[in-house]
Amino acid sequence: MTDDLFTPLPLSETTLSNRVMVSPMCQYSCDARDGLATDWHFQHLASRAVGGAGVVMTEATAVELRGRISPEDLGIWSDDHADALADITDFVREQGSRPGIQLAHAGRKAATSRPWEGHDPLQPEEGGWETLAPTDEPYPYDDDAPPTRAMTEADLADVRDAFADAARRALDAGFEIAEVHAAHGYLLHEFLSPVTNTREDAYGGDFESRIRFPLEVIEAVREVWPDEKPVFVRISATDWLPDRESWTVDDSIRFADRASEAGVDLIDVSAGGIHPDQQIPSGGPGYQIRYGRRVREGVDTDLKVGAVGGITTPEQADSLVRNGRADLAIVGREHLRDPYFTLHAAQKLGRDDEVDVPPQYHRAF
Ligand code: FNR
């Protein structure tokens, strides 16, 4: 039988009730720059779990202070951070969704103001900080970037440990899926891409050397994350920089197989973000889906693939799975417009029996 949007997806020993995931979306909503989850995070994640998504993924959650994009980002660099997230994971699980956490480090794209405050680079005296990256070349903002440090071997070890510690805390907080963020020009993508990784040591240069640090991070997370719970990795399948040496879809396929061998269950295929010169071919419906499909067709392993970008309708999400272009439909902005995307999808596709409408909302669906 053909899989569709409401076919459960087994991953490790965890089963997703359907093929919809709430894409990680930064809320820039922590108080007092402390990285602790607030009521806003509760409502953002809880209401999308009520809406029926099989996976509710947190926004990029910083594994260390320097890994925040903005000072108001969510974090998981202490046990207090895990405690602040535990009520959310309990609630999400009670709705039948799987709570996931995106573990992130913003690399040289850290230390900016929030989007609604201009998304400007912040100097240390403005509340910013020294950022970390493969080299000391800062992100090419129009304005001056905060200073960037080329990571030493000791820095690499610290950040690797920070990812592992964050995963351990996420487990304590009740998360069931850990997603390693290696996309959108943030730290791990900066190691993958030849655009940003011009190191001359064992962590830069050819493909094998550039994937070394991201793979070490994935392995460190996998080591603390129980076998029965899935690990996802988000990548940018292409740098969208066709005119220069850059990360390509073929690189992504090779990397996906290596990630799978390292114990990754699903690769979440996004694109872009490494450099402002990127040329996005179009921003229309399903604008990145073709990369997910190419990765799915290209891998030698049984790695599952999530597709993201411009998925806005139930029919589109359903056809992705039916036609074998992806195993999971990852929906971002449409979930901001409609937290109940999955319940609406079941209604529209005539699959009402496949979702648990909360009794409080029964008369609406
Ligand atoms: C995002 N995106 C994003 N991606 C990610 O990997 N981690 C993150 O924390 C964020 N934060 C974020 C915030 C907001 C407000 C938006 C709109 C987007 C990207 C997002 O997950 C998704 O990949 C894109 O929005 C494309 O998918 P849609 O929105 O077209 O479904």
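Thresholds, definitions, all that
- Residues numbered from 1 in each chain as written.
- Predicted model: local features only at pLDDT ≥ 70, side-chain atom pairs only at ≥ 80, totals over all residues.
- Heavy atoms only, no water.
- UniProt positions renumbered as here; feature names shortened; annotations may be inferred.
- Core = buried A, V, L, I, M, F, W, Y, C linked by side-chain atoms within 4.5 Å.
- Buried < 20%, exposed > 50% of the residue type's maximum accessible area, 1.4 Å probe, protein only.
- Helix = DSSP H or I, 4+ residues; strand = E, 2+ residues; numbered from the N terminus.
- Contact = heavy atoms within 4.5 Å.
- Disulfide = S-S within 2.5 Å.
- Pairing = 2+ DSSP bridges.
- Axes fitted to C-alpha atoms, helices over the stretch in contact; angles between N-to-C directions.
- Near = heavy atom within 4 Å.
- Polar contact = N/O pair within 3.5 Å; in protein donor to acceptor, adjacent residues only side chain to side chain.
- Areas by Shrake-Rupley, 256 points an atom, 1.4 Å probe, with all protein chains shown as cover.
- Nonpolar A, V, L, I, M, F, W, Y, C, P; charged D, E, K, R; others polar.
- Phe/Tyr/Trp six-rings, centres within 6.5 Å; stacked < 30°, edge-to-face > 60°.
- Lys NZ or Arg CZ within 6 Å of the ring centre and 35° of its normal.

The protein has the name 2,4-dienoyl-CoA reductase in an unreviewed UniProt entry, where Halorientalis persicus is given as its organism. The record in UniProt for the protein states the following under Cofactor (unreviewed entry): "FMN".

Q: What am I meant to see in the nonpolar core here?
A: In this structure, Leu-85, Leu-103, Phe-163, Phe-213, Ile-218 and Phe-255 are the most contacted members of the largest nonpolar core, which totals 87 residues. The element best represented in this core is helix α5 (residues 207-224), accounting for nine residues. Setting aside chain neighbours within four positions, we find Ile-218 in contact with Val-180, Val-233, Phe-255, Ala-259, Ala-262 and Val-264. Residues Leu-16, Ile-177, Phe-232 and Leu-266 belong to the second largest nonpolar core, which totals twelve residues.

Q: Even after reading the chapter, I still don't get the state of the cysteines, so can you show me in this structure?
A: Among covalent bonds in proteins, the disulfide is the one between the sulfur atoms of two cysteines. Counted by the stated rule, this structure contains zero disulfides. With no disulfide of its own, Cys-30 lies closest to Cys-26 among cysteine sulfurs, the gap being 9.8 Å.

Q: Hey, could you run me through the sheet that holds strand β10 (residues 266-270) in this one?
A: By way of backbone hydrogen bonds, the strands of a sheet pair with one another, either parallel or antiparallel. If you walk around this closed barrel you meet the eight strands as β3-β4-β5-β8-β9-β10-β11-β12, and the pairing is parallel. Within this sheet the neighbouring strands show an average axis-to-axis angle of 25 degrees, counted without direction. Where β10 lies against strand β11 (residues 304-308), four bridges are found, and the strand directions are parallel. Within β11, the residue paired with Val-269 across the bridge is Ala-307. Where helix α3 (residues 153-172) meets the sheet, its contacts fall on β5 (98-104) and β8 (177-182), and the angle it forms with β5 comes to roughly 160 degrees. With respect to the sheet, helix α7 (residues 289-298) is in contact with β10 and β11, its orientation differing from that of β11 by roughly 170 degrees.

Q: Help me out: how do you make sense of the UniProt feature "domain: NADH:flavin oxidoreductase/NADH oxidase N-terminal" (unreviewed entry) in the protein in this one?
A: The positions that UniProt labels "domain: NADH:flavin oxidoreductase/NADH oxidase N-terminal" (unreviewed entry) are, in the present scheme, residues 4-349. Span residues 4-349 is 34% helix and 16% strand, its end C-alpha atoms 11 Å apart.

Q: Teacher, can you tell me more about the site of the ligand here?
A: If you check the shell around the ligand, you find 17 residues, and the closest are Ser-23, Pro-24, Gln-102, Gly-310 and Arg-333. The contact in question runs from an oxygen atom of the ligand to an N or O atom on the backbone of Ala-60, over 3.0 Å. Contact between the ligand and Arg-333: an oxygen atom at 2.6 Å from a side-chain N or O atom of the residue. Protein contacts shield 82% of the accessible area of the ligand, which totals 610 Å² for the unbound molecule. Within the shell around the ligand, the residues separate by chemical class into seven nonpolar, seven polar and three charged.

Q: Which parts of the structure should I look at to understand the packing of aromatic side chains?
A: Aromatic rings in a pair are described by how distant their centres are and how their planes are angled relative to each other. For the structure on display, the rule yields ten aromatic pairs. Ring geometry for Phe-191 and Phe-213: centres 4.9 Å apart, planes at 50 degrees, overall tilted. Here Phe-191 is found in helix α4 (residues 187-192), whereas its partner Phe-213 is found in helix α5, with 22 residues between them in sequence. Each member of the pair, Phe-191 as well as Phe-213, is classed as buried. Of note, Arg-68 hangs over the ring of Trp-129, and the distance from its end group to the ring centre comes to 4.5 Å.

Q: Is there a simple way to think about the environment of Leu-122 in this case?
A: As for its position among the elements, Leu-122 is in the loop between β5 and β6 (131-133). Accessibility expressed as a relative area gives 11% for Leu-122, which makes it buried. For the pair Leu-122 and Pro-71, spaced 51 residues apart in sequence, the C-alpha separation works out to 9.5 Å. Discounting residues that sit within four places of it in the chain, Leu-122 has contacts with Pro-71, Ala-111, Thr-112, Ser-113, Gly-127, Gly-128, Trp-129 and Pro-146.

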